[in-house]
Amino acid sequence: MKEQKPAIDYHDIDCWIFDLDNTLYPVTTPLLAELDSQMSRFVANFLGVDGEEARKIQKAYFHQYGLTLRGLMIHHNLDPEEFFSAMTPTNLAEIKPNPNLGEAIKRLPGRKLIYTNSYRKHAEMVLVRLKILDAFEDIFDITAADFIPKPNSEPYQRLCQIHSIKPENALMVDDIARNLEPAGKLGMTTVWMQTKAEWATTEERIEYVDFEIRNIDQWVAAAAD
């Protein structure tokens, strides 16, 4: 890992790019279980298979493509709008409103964007629940990424093109370390929001992570002051 600086120099940062799920709020075990179950039911219904087979397919496509949706599109001609409609969250009670975080994000100098592997409607519903939607200029979702998920490099380049981002003046925060590698290669400052989530941990050397944090609220508040 790179030698840690005493503090991040924000002087040249004019674009702040935030991941959403498990970065700006914790994805709790019940919420994760509901989303996973919802995904399995969709795959089972769409392909006409039983639950066990659906789960195998779901996991296989996720590991192969980084997104179950992409596997279903490639191999089964799934219309993504059908997927989005079926996967709309039914219960956001596990997500606690956090308007103070939104106010702190607003105080950061420059533009603020969401970059998520999810889809816009989900992101908007979550941000509304958190009461921080108005803190962000735009949401770069999986549709904007042409259904190519992180950490493939193409959507990061597309993000920069669409929003006229100079990577050397941008900072990206994500809870999954490997998702920061393309950002770091482009020249962005990278911040790893560490969590206890199994899928986000790594024992590898992560040369492309500039800084590590454990509390998004405290970090944003300090960066904004």
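Residues numbered from 1 in each chain as written. Predicted model: local features only at pLDDT ≥ 70, side-chain atom pairs only at ≥ 80, totals over all residues. Heavy atoms only, no water.

Chemist: Explanation requested: the layout of surface pockets in the structure shown.
Modeler: Here the idea is plain: a probe the size of a water molecule rolls over the atoms and shows the empty space left. Empty space within the largest pocket amounts to approximately 1200 Å³. Contributing to the lining of the largest pocket are 35 residues, with Asp21, Leu32, Phe62, Gly66 and Leu67 lying nearest its centre. Those elements giving two or more residues to the lining of the largest pocket turn out to be helix H1 (29-47), helix H2 (51-65), helix H3 (68-76) and helix H4 (80-86). Looking at the lining of the largest pocket, its residues break down into 16 nonpolar, 10 polar and nine charged. Taken as a whole, the second largest pocket encloses approximately 190 Å³ of empty space. Lining the second largest pocket are 13 residues, with Leu24, Tyr25, Pro26, Ile216 and Asp217 sitting closest to its centre. (1 Å grid on protein atoms, 1.4 Å probe; cavity = no way out; pocket = protein on both sides within 12 Å on 5 of 7 lines; lining within 4 Å. Points joined across faces, edges and corners; volume = space filled by probe spheres on them. Helix = DSSP H or I, 4+ residues; strand = E, 2+ residues; numbered from the N terminus. Nonpolar A, V, L, I, M, F, W, Y, C, P; charged D, E, K, R; others polar.)

Chemist: What's the story with helix H5 (residues 99-107) in this structure? I'm lost.
Modeler: Three or four residues apart is the spacing at which side chains of an α-helix point the same way, because the helix has 3.6 residues per turn. Inspection of H5 places Leu101, Gly102, Ala104 and Ile105 among the buried residues, and these make up the whole buried set. Each buried residue of H5 sits inside an arc of 165 degrees when the element is viewed along its axis, so together they form one side. Where H5 is buried, its residues contact strand E1 (15-18), strand E2 (111-115) and helix H9 (216-224). (Buried < 20%, exposed > 50% of the residue type's maximum accessible area, 1.4 Å probe, protein only. Arc of directions from axis to C-beta. Contact = heavy atoms within 4.5 Å.)

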